[in-house]
Amino acid sequence: MTSRRRRSALLAAGAAGAFLMVMGAAATAEAATYYSVAPGLRLNVRSGPGTDYNLVRLLPEGAKVHIYCQSPGTTVSGYYGTTNIWDNIDNGEYVSDAYVNTGSDGYVAARCG
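Bear in mind the structure is a predicted one, so any value in this text is a computation, not a measurement. In this numbering scheme, every chain counts its residues from 1 along its sequence in written order. Confidence filtering applies because this is a predicted model: local features only for residues at pLDDT of at least 70, side-chain atom pairs given and counted only at 80 or more, and all residues used for totals across whole chains, interfaces and linings. For the side-chain quantities, the full set of heavy atoms in the structure was used; hydrogens and water were omitted.

### Some words on the overall build of the protein
Consideration 1: Within the protein one finds 1 helix and 8 strands.
Consideration 2: Strands are runs of DSSP state E lasting at least 2 residues, helices are runs of H or I lasting at least 4, and numbering of each runs from the N terminus. Seen in sequence order, the protein has helices and strands lined up from the N terminus as α-β-β-β-β-β-β-β-β.
Consideration 3: Residues classed as buried in the protein amount to 29% of the 113 residues present.
Consideration 4: Should any heavy atoms of two residues lie within 4.5 Å, those residues are considered in contact. Long-range contacts, defined as pairs at least 24 residues apart, comprise 45% of the intrachain contacts of the protein with a sequence gap of at least 6.
Consideration 5: With the model as given, the accessible surface of the protein reaches about 7300 Å², and the carbon-plus-sulfur share is 54%. Relative accessible area decides the class of each residue, using a 1.4 Å probe on protein chains only: under 20% of the type maximum gives buried, over 50% gives exposed, and in between gives partly exposed. Only the protein chains shown count as cover for residues, and the accessible areas themselves come from Shrake-Rupley with a 1.4 Å probe.

### Concerning the pairing of strand β6 (residues 81-90)
Consideration 1: Relative to β6, strand β5 (residues 69-78) runs antiparallel, the two sharing 7 bridges. Residue pairing in the sheet places cysteine 69 in a bridge with asparagine 88 of β6.
Consideration 2: Hairpin connection between β5 and β6: a loop of 2 residues separates the two successive antiparallel strands.
Consideration 3: One bridge is not enough; two strands pair if DSSP finds at least two bridges between them. As paired elements, β6 and strand β7 (residues 93-96) share 4 bridges and run antiparallel to each other. Residue aspartate 90 lies in a different strand from β7, and its bridge partner there is glutamate 93.
Consideration 4: Counting the residues that bridge the hairpin from β6 to β7 gives 2 residues, and of these glycine 92 lies at a positive phi of roughly 70 degrees.

In structure tokens form, the structure reads like this:
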């Protein structure tokens, strides 16, 4: 009886550990998705998806950003073309996708809620 319980406990612990390893790998892969801002630019960060929103801060030259979600907004022409897509890079912080090297002319993240 005792060895059967131990075996079941070890199997359950092994399965849980494998699950956590897979989940950890997925979280690490997602967290590692950063995109470069156009070279040589200090990029305006706005409080919403458009040029009419308040300026929150400037990103320094060489910055990389994580895109949490994307929203349509003011159309902007920039280093990577013309687009109305705005990237949410933090709570209440948006940059125009025209200045972010996502490798795509479309959405690369979910739309903001």
